[in-house]
Amino acid sequence: MDVECKYCRALRFVAERKVGSSEANPVFSNCCQGEKLTAQQIPLLQDPPSFLRELLTGSTPRDKVFRKNIVKYNNALCMALVHTNWVNRGAGTVKL
Ligand SMILES: [Zn+2]
């Protein structure tokens with residue numbers, strides 16, 4: 001993540017830019033929807049619960065192990081909250 005969205009200042013990968021925008025002047029659609037939302041319209045993040053804050057900033061062995069494995073935890077849980085409406089379209093074909 002080394003490119004800043006010029007509208008909301010989110011850090012992005014240049015490969016995430018909208019189709020049709022250039023690497024020199026990338027436009028992103030899934031942070032602020034291009035220029036449709038300004039940084040002032042995007043709500044600030046709330047402070048995390050104290051337990052999570054300790055994991056993210058603490059210096060205990062538990063905190064360090066958490067930070068070392070945070071990507072694995074995120075990957076393991078990223079699909080845990082997906083809501084689906086399953087549509088069975090016959091043998092072997094499922095639409096989400
Ligand atoms: Zn943006």
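What you see is a predicted model, and the numbers here were worked out from it, not measured in a lab. (Residues numbered from 1 in each chain as written. Predicted model: local features only at pLDDT ≥ 70, side-chain atom pairs only at ≥ 80, totals over all residues.)

Would you mind showing me how to read the overall build of the protein chain here?
In terms of regular secondary structure, the protein chain is built from three helices and four strands. For the protein chain, the α and β elements follow one another from N to C terminus as β-β-α-α-α-β-β. The buried share of the protein chain, taken over its 96 residues, is 2%. Residue pairs at least 24 apart in sequence account for 24% of intrachain contacts in the protein chain once pairs closer than 6 positions are excluded. (Helix = DSSP H or I, 4+ residues; strand = E, 2+ residues; numbered from the N terminus. Buried ≥ 20, exposed ≤ 12 C-beta atoms within 10 Å, placed from the backbone. Contact = placed C-beta atoms within 7 Å.)

Please explain unusual backbone geometry as it appears in this structure.
Most peptide bonds adopt trans geometry, and most residues besides glycine take a negative phi value. At Arg 9, a residue that is not glycine, the phi angle is positive and equals roughly 70°. Along the polypeptide, Arg 9 turns up in the loop between β1 (3-4) and β2 (11-12). With 12 C-beta atoms counted inside 10 Å, the residue Arg 9 sits in the exposed group.

Teacher, can you tell me more about the confidence of the model for the protein chain here?
Any region with low pLDDT has predicted coordinates that should not be read closely. Mean pLDDT over the protein chain stands at 84; residues scoring 70 or higher make up 90%. For the protein chain, per-element mean pLDDT is lowest for strand β4 (residues 94-95), which scores 61, and highest for helix α2 (residues 61-68), which scores 96. (pLDDT = per-residue confidence, 0-100.)

Mind showing me how you'd approach the environment of Lys 18 here?
Locating Lys 18 in the fold gives a position in the loop between β2 and α1 (50-57). Spatially, the C-alpha atom of Lys 18 lies 9.9 Å from that of Gln 33, the residues being 15 residues apart in sequence. If we ignore the near neighbours within four places in the chain, the residues touching Lys 18 are Val 27, Phe 28 and Ser 29.

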